[in-house]
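So you can see what is in the structure, the chains are spelled out below.
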Amino acid sequence: MLRALTVFARPGLGSRMLIAWALALLAMVVFGSALSEMVRRWISQDEYGHAFFIPLITAWLLWRRRDAISVSIGRPSLMGPALVLLSILMHVVGEISALFALSQSGFIVALFGIVLSTGGMPLLRITFIPLAFLVFAIPLPYFIDSVLSWRLQLISSELGVYVIRMFQLPVYQQGNVIDLGLYKIQVVEACSGLRYLYPLLSLGFLAAYFFHAPLWQRAVIFISTIPITIGMNSFRIGIVGVLVNYFGT
C-alpha cells in the first residue's frame, strides 16, 4: 500500500489519473445515447438482465488490482488518441446506421484509448481484461438475436426429442413443435436458451480469468459454456416432455 501511495505521489501522476477519470466521464456523455439504448435493452429483454452487474464487476476487478495499476502507469502512448478517434468514428457510423452495438463497442474502444493516453501499454496490460469484460454488457443487434434464437430453438428441440426417445416414448418433431400424440410441446423463443447462454458466457469468462492455467485451458473453460447451456436446456425440454407424457400438463 505504501508503495502504491509513493508511486501515486510522483509529479504529474495524480494529475494524469484525474485527467483519465475526467475523460472517462466525458466519454460517457459523448456516447450517452448509445449507452441509454443499451440500458433500455437490459430492462426490456430478459436475456440481458444480468448485464446490470457487469459494470459493477468490472469496477471490482479494477479495484482489486489497484496497487498493480498504480505502479504500472507508464509513458503515454500515441496509440491512445488514435483509438479515441476510431471510437468516435464508430459512434458516428453506429448512430447513422442505428447499429447501436457499434457505438457501444466504440465506448469500450474509447476507454482503451484513454488508458493508453494516460498510462501507456504497461497500464493497458493490467486493465485490459477488466475493461474487455464490458463487452458482455453489449446487447447483440436484433437480427442476430432472432437468428440465434431460431437456431437454438431447433437445436434444443432436436436434442429434447432425443432425450424423450431415451425413455422409449413415441415422439415426432416438426420444426420447434414436439408431438407426443396426446400433447404437443412448442419450444418457443423464450425456451431457446439465450437467457442462459449470455449470463453463462460472462461467468465462463470470469472463471477463465481467475483460473491460473495455460491459455488453451482457459479457452476451453470459456467455450465450454456454450455446449453446457445448449445441453442443459435441451435436457430440460426433454424432461418436460417425459413428465407431460406421464402426468399431463
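Just so it is clear, the structure is predicted and the values come from calculations on it, not from any experiment.

**Student:** Explain the pattern of salt bridges to me, and be specific about the residues and the numbers.
**Tutor:** Tallying each qualifying case throughout the model produces three salt bridges. One salt bridge in this structure joins Arg 41 and Asp 145, with 3.0 Å as the shortest N-O distance. In this pair, Arg 41 is assigned in helix α3 (residues 32-44) and Asp 145 in helix α8 (residues 142-166), connecting sequence segments 104 residues apart. Relative accessible area serves as the criterion here: at 5%, Arg 41 is assigned to the buried category. Asp 46 is paired through a salt bridge with Arg 195; the nearest N and O atoms lie 3.3 Å apart. Here Asp 46 is found in the loop between α3 and α4 (53-64), whereas its partner Arg 195 is found in helix α9 (residues 194-210), with 149 residues between them in sequence. According to the relative accessible area criterion, Asp 46 is exposed, its value standing at 52%. For Arg 195, a relative accessible area of 35% puts it in the partly exposed group.

**Student:** Tell me about the confidence of the model for the protein chain, residues and numbers included.
**Tutor:** When pLDDT is averaged across the protein chain, the result is 89; 94% of the residues are at 70 or more. Throughout residues 1-11 the model reports pLDDT below 50, and contacts reaching past four residues in sequence, or to other chains, amount to 11 contacts.

**Student:** So, the sheet that holds strand β1 (residues 172-174): which residues are in play, and what are the values?
**Tutor:** Sheet architecture is open: three strands sit in the order β1-β2-β3, paired in antiparallel fashion. In the strand order of this sheet, the two ends are held by β1 and β3 (184-186), each with one partner. For this sheet, the mean inter-axis angle between neighbouring strands, taken without regard to orientation, is 20 degrees. When β1 meets strand β2 (residues 177-179), the two strands line up antiparallel, connected through three bridges. From the neighbouring strand, Gln 174 faces β2, where its bridge partner is Val 177. In the packing of α8 onto the sheet, the strands contacted are β1 and β2, and the crossing angle to β1 comes to about 175 degrees.

**Student:** Give a detailed account of the packing of aromatic side chains, specifying residues and quantitative values.
**Tutor:** Under the criterion given, the structure shown has 11 aromatic pairs. Between Trp 42 and Phe 52 the ring centres are 5.1 Å apart and the planes differ by 75 degrees, which places this aromatic pair in the edge-to-face class. Linking Trp 42 in helix α3 with Phe 52 in the loop between α3 and α4, this pair joins segments that are 10 residues apart in sequence. Taken together, a centroid distance of 5.1 Å and an interplanar angle of 55 degrees make the contact between Phe 136 and Phe 205 tilted. Placement of the pair is Phe 136 in the loop between α7 (100-132) and α8 and Phe 205 in helix α9, with a sequence separation of 69 residues. Comparing Phe 136 with Phe 205, the two get one shared label, buried. Ring pairing ties together the aromatic residues Phe 133, Phe 136, Phe 205 and Phe 222, which thus form one cluster. The ring of Trp 60 carries the charged tip of Arg 64 above its face, separated from the ring centre by 5.5 Å. The ring of Trp 63 is capped by Arg 66, whose NZ or CZ atom sits 4.1 Å from the centre of that ring.

**Student:** Outline helix α11 (residues 225-247), listing residues and values.
**Tutor:** With 23 residues, α11 ought to run about 33 Å at 1.5 Å a step, and its terminal C-alpha atoms sit 32 Å apart, in line with that. Among all positions of α11, only Thr 225, Thr 229, Ile 230, Asn 233, Ser 234, Ile 237, Gly 238, Gly 241, Val 242 and Val 244 are buried. Tucked inside the fold, the buried residues of α11 contact α8, β2, β3, α9 and α10 (215-223).

**Student:** Kindly report on the packing of α9 against α10, identifying the contributing residues and their values.
**Tutor:** Running from amino to carboxyl end, α9 crosses α10 at an angle of 160 degrees, the nearest separation of the two axes being 8 Å. Our classification of the angle between α9 and α10 gives roughly antiparallel. In this structure, α9 crosses over α10, and the sense of that crossing is right-handed. Only Arg 218, Ile 221 and Phe 222 of α10 make contact with α9, whose side of the interface consists of Leu 201, Gly 204, Phe 205, Ala 207, Ala 208 and Tyr 209.

**Student:** Give me the environment of Val 71: which residues, what numbers.
**Tutor:** Of note, Val 71 is situated in the loop between α5 (66-70) and α6 (79-97). With 52 residues separating them along the chain, Val 71 and Leu 123 place their C-alpha atoms 8.6 Å apart.

**Student:** So what's going on with the packing of α8 against α11? Residues and values would help.
**Tutor:** If you want to describe how two helices pack, look at the angle between their axes and the distance between the axes. In contact at an axis separation of 7 Å, α8 and α11 are set at 55 degrees when each is read in the N-to-C sense. On the basis of the axis angle, α8 is oblique to α11. For α8 against α11, the interelement crossing comes out right-handed. Residues Leu 152, Ile 155, Ser 156, Leu 159, Gly 160, Val 163 and Ile 164 of α8 form the contact with α11, whose own contacting residues are Ile 230, Asn 233, Ser 234, Phe 235, Ile 237, Gly 238, Ile 239, Gly 241 and Val 242. Here the contact of α8 with α11 is built from residues that sort into 10 nonpolar, six polar and no charged.

Here is what the cut-offs are and how they apply
- Residues numbered from 1 in each chain as written.
- Predicted model: local features only at pLDDT ≥ 70, side-chain atom pairs only at ≥ 80, totals over all residues.
- Heavy atoms only, no water.
- Salt bridge = Lys/Arg side-chain N within 4 Å of Asp/Glu carboxyl O.
- Helix = DSSP H or I, 4+ residues; strand = E, 2+ residues; numbered from the N terminus.
- Buried < 20%, exposed > 50% of the residue type's maximum accessible area, 1.4 Å probe, protein only.
- pLDDT = per-residue confidence, 0-100.
- Contact = heavy atoms within 4.5 Å.
- Pairing = 2+ DSSP bridges.
- Axes fitted to C-alpha atoms, helices over the stretch in contact; angles between N-to-C directions.
- Phe/Tyr/Trp six-rings, centres within 6.5 Å; stacked < 30°, edge-to-face > 60°.
- Lys NZ or Arg CZ within 6 Å of the ring centre and 35° of its normal.
- Expected span 1.5 Å × (residues − 1).
- Parallel < 35°, antiparallel > 145°, perpendicular 65-115°, else oblique.
- Left-handed = near helix turned anticlockwise from the far one by under 90°.
- Nonpolar A, V, L, I, M, F, W, Y, C, P; charged D, E, K, R; others polar.

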